[in-house]
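Geometric and topological summary
Each chain is listed here by its residues.
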Amino acid sequence: MHRIRFLLSAFAALFLLLSGFNAIAANINDIRVWNSPDRTRIVFDLSGPVEYKFFELKNPNRIVIDFSDSKFTGLLPKSGELGNRVSKIRTGKHDDLIRFVIDLKSTVRAEHFTLIPIENYGDRLVLDLYAKLAKKQKSKPKKVDDEFIVVIDAGHGGEDPGAVGAAKTLEKHLVLKIAKQLQKELNKVKGIRAELTRKGDYYIPLRKRRKIAADLNADLFVSIHADAFTKRSANGISVFALSQHGATSERARVLAQKENSADFVAGENLSQKDRDVAETVVDLSYQGQIGRSVALGSMVRTRLSRVGRLHGHGVEQAGFAVLKAPNIPSILVEVGFISNPKEERSLNKKSYQKKIVKEIATGVVQYAKKYPWGQERWRTSSIQ
Ligand SMILES: [Zn+2]
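These numbers were taken from a predicted model, which means no experiment stands behind them. (Residues numbered from 1 in each chain as written. Predicted model: local features only at pLDDT ≥ 70, side-chain atom pairs only at ≥ 80, totals over all residues.)

1. With respect to the nonpolar core
Judged by nonpolar contacts, the single largest core of 92 residues is most densely connected at Val150, Val222, Ile360 and Val364. By residue number, the principal contributor to this core is helix α9 (residues 350–370), which donates eight residues. Every residue in contact with Val150, bar those within four places of it in the chain, is listed here: Leu186, Ile192, Ala194, Ala218, Asp219, Leu220, Val222 and Val364. (Core = buried A, V, L, I, M, F, W, Y, C linked by C-beta atoms within 7 Å. Buried ≥ 20, exposed ≤ 12 C-beta atoms within 10 Å, placed from the backbone. Helix = DSSP H or I, 4+ residues; strand = E, 2+ residues; numbered from the N terminus. Contact = placed C-beta atoms within 7 Å.)

Now the structure itself:
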């Protein structure tokens, strides 16, 4: 008996010792807040791995996060940045403990997790606040007969800036501008309805972007991106589609890998399945999708040759996660290299953006006329 008690206390001592070693002091350098229709994301930038305690309190609703043995060296977000779920973020120091209190405007479902360093980010603690009572989402109008739906996806957003230009243009801002103009342009065409995956500066997981298209019963999916490369001379426009059997070029492979890492950069709380971005597409439903995607891609690419130099030869293919919506022809357009100072300047000009938008739209309309999607509900004549 004594022996067992001795062993137990020895274990307890060992546990204390080990947990003592695990408690690493880290500073909180900054706090960022991103608001999307689905959630409010609060990101704590940390100087290293950290131990924290999380709990929720009621009356009034608030969330508390305690960091032990830490310092806060940043600034609290301004009230204008907090969005419609958070009313205030406060902080206070209690001995060697720093506490953050997040005052809520309503009940939320909270998720919290830490992230290890990736690209320009160090360790992070992410707090996601989702509306608890799933308010009946303002659902987009259902597809009506003869309507051809194009879902336009502005790449990146929020925590994930995407590529950074020679003069610091952020891909996420540039592609949102182009996506919005493309939506306007396509909505001018009778018979076509264009919808956006994101409307503001927030991140949507790649899987969710495809789901938005599927839920809308989309006929086409167009993801807009801008490239960056270490060699500043790299330039030109390129168009990509999904591949079932490896990439068509080394560049396509590397680019798909880079674009697929967006979920990690943005700090998604990924399941193992989601992490496997290299999952092979074996489903037969992709075969038709890929054929159509390449057809769409070459029409758009040919039109874009009127705007500027094309990069590479033909529509390239690789395993882009965002293009994996079964049965929906999907392309990814890289509108140019923002790492090239000259191309970055052009891309920031409204007149140049307008040209790009016009040619992508023309390519899409050409496709819609040539490949009416489902004859029974689609008449080519409805596009004018
Ligand atoms: Zn991108």
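2. Let's talk about the environment of Glu185
Considering the arrangement of structural elements, one finds Glu185 in helix α2 (residues 171–187). Under the C-beta neighbour-count criterion, Glu185 is labelled partly exposed, with 19 such atoms within 10 Å. A C-alpha to C-alpha distance of 9.4 Å links Glu185 and Thr362, two positions 177 residues apart in sequence. Excluding its chain neighbours within four sequence positions, the residues that come into contact with Glu185 are Val357, Lys358 and Ala361.

3. A few points about the sheet that holds strand β4 (residues 62–68)
The antiparallel open sheet is built from four strands, whose spatial order is β3-β4-β6-β5. Edge positions in the open sheet fall to β3 (52–57) and β5 (86–94), since each of these has one partner strand only. Along the sheet, successive strands turn relative to each other by an average axial angle of 15°, direction set aside. Alignment of β4 against strand β6 (residues 97–104), held across seven bridges, turns out to be antiparallel. In the strand pairing of β6, Ile63 is matched with Ile102. (Pairing = 2+ DSSP bridges. Axes fitted to C-alpha atoms, helices over the stretch in contact; angles between N-to-C directions.)

4. Regarding the pairing of strand β11 (residues 220–227)
The two faces of a sheet get side chains in turn, since along a regular strand they alternate between them. Taking burial as the measure, the eight residues of β11 include eight buried ones, the bulk of the element. Residues Leu220, Val222, Ile224 and Ala226 of β11 are buried on one face, and the alternating residues Phe221, Ser223, His225 and Asp227, pointing to the opposite face, are buried as well. One ladder, built from five bridges, connects strand β9 (residues 148–154) with β11; its direction is parallel. Opposite Val150, over in β11, you have Leu220 as the bridge partner. Two elements, β11 and strand β14 (residues 330–337), share six bridges in a ladder whose sense is parallel. Within β14, the residue paired with His225 across the bridge is Glu334.

5. Side note on the sheet that holds strand β1 (residues 28–35)
Here four strands make up an open sheet; going across it, the order is β1-β2-β8-β7 and the pairing antiparallel. Taken across any chain shown, the strands that pair with only one partner, and hence form the sheet edges, are β1 and β7 (108–115). Across the sheet, the axes of successive neighbouring strands diverge by a mean angle of 15°, strand direction being ignored.

6. Focus on α2
With 17 residues, α2 ought to run about 24 Å at 1.5 Å a step, and its terminal C-alpha atoms sit 24 Å apart, in line with that. For α2, the complete set of buried residues consists of Glu171, Lys172, Leu174, Val175, Leu176, Ile178, Ala179, Leu182, Gln183 and Leu186. Residues of α2 that are buried make contact with β9, β10 (192–196), β11, β14, α8 (341–347) and α9. (Expected span 1.5 Å × (residues − 1).)

7. Some words on unusual backbone geometry
Along the chain, Asn59 connects to Pro60 via a cis peptide bond; the corresponding omega equals -5°. Within the secondary structure layout, Pro60 lies in the loop between β3 and β4. The phi dihedral of Asn59 falls on the positive side, at around 50°, and the residue is not glycine. Tracing the chain through its elements places Asn59 in the loop between β3 and β4. A tally of 5 C-beta atoms within 10 Å means that Asn59 is categorised as exposed.

8. Notes on the environment of Ala131
Take Ala131: it is sitting in strand β8 (residues 124–131). The class for Ala131 is partly exposed, based on 17 C-beta atoms found within 10 Å. Distance in space between the C-alpha atoms of Ala131 and Arg39 is 6.9 Å, their sequence separation being 92 residues.

9. Quick look at helix α3 (residues 206–215)
Every buried residue of α3 is accounted for by Leu206, Arg209, Arg210 and Ala213. The arc enclosing the buried residues of α3, seen along the axis, measures out at 95°, which places them on a common side. Against the buried residues of α3 lie β9, β11 and α5 (262–266). Note on α3: the residue one or two positions beyond its end, Asn217, has a positive phi of about 60°. (Arc of directions from axis to C-beta.)

10. Section: the pairing of β3
Along β3, only zero of the six residues are buried, which leaves the element largely exposed. Sheet topology places β3 next to β4; six bridges connect them, and they run antiparallel. In the strand pairing of β4, Phe54 is matched with Ile65. Adjacent in sequence and paired antiparallel, β3 and β4 are bridged by four residues, among which Asn59 carries a positive phi angle near 50°.

11. Let's talk about the packing of α2 against α9
Between α2 and α9, the shortest axis-to-axis distance is 9 Å and the interhelical angle comes to 50°. Between α2 and α9, the interaxial angle falls into the category oblique. For the crossing formed where α2 meets α9, the hand is right-handed. Between α2, through Lys177, Ile178, Gln181, Leu182, Glu185 and Leu186, and α9, the contact on the second element is made entirely by Gln353, Lys354, Ile356, Val357, Lys358, Ile360, Ala361 and Val364. Taken together, the residues that form the contact of α2 with α9 break down as eight nonpolar, two polar and four charged. (Parallel < 35°, antiparallel > 145°, perpendicular 65-115°, else oblique. Left-handed = near helix turned anticlockwise from the far one by under 90°. Nonpolar A, V, L, I, M, F, W, Y, C, P; charged D, E, K, R; others polar.)

Distances and angles like these do not, on their own, reveal function.
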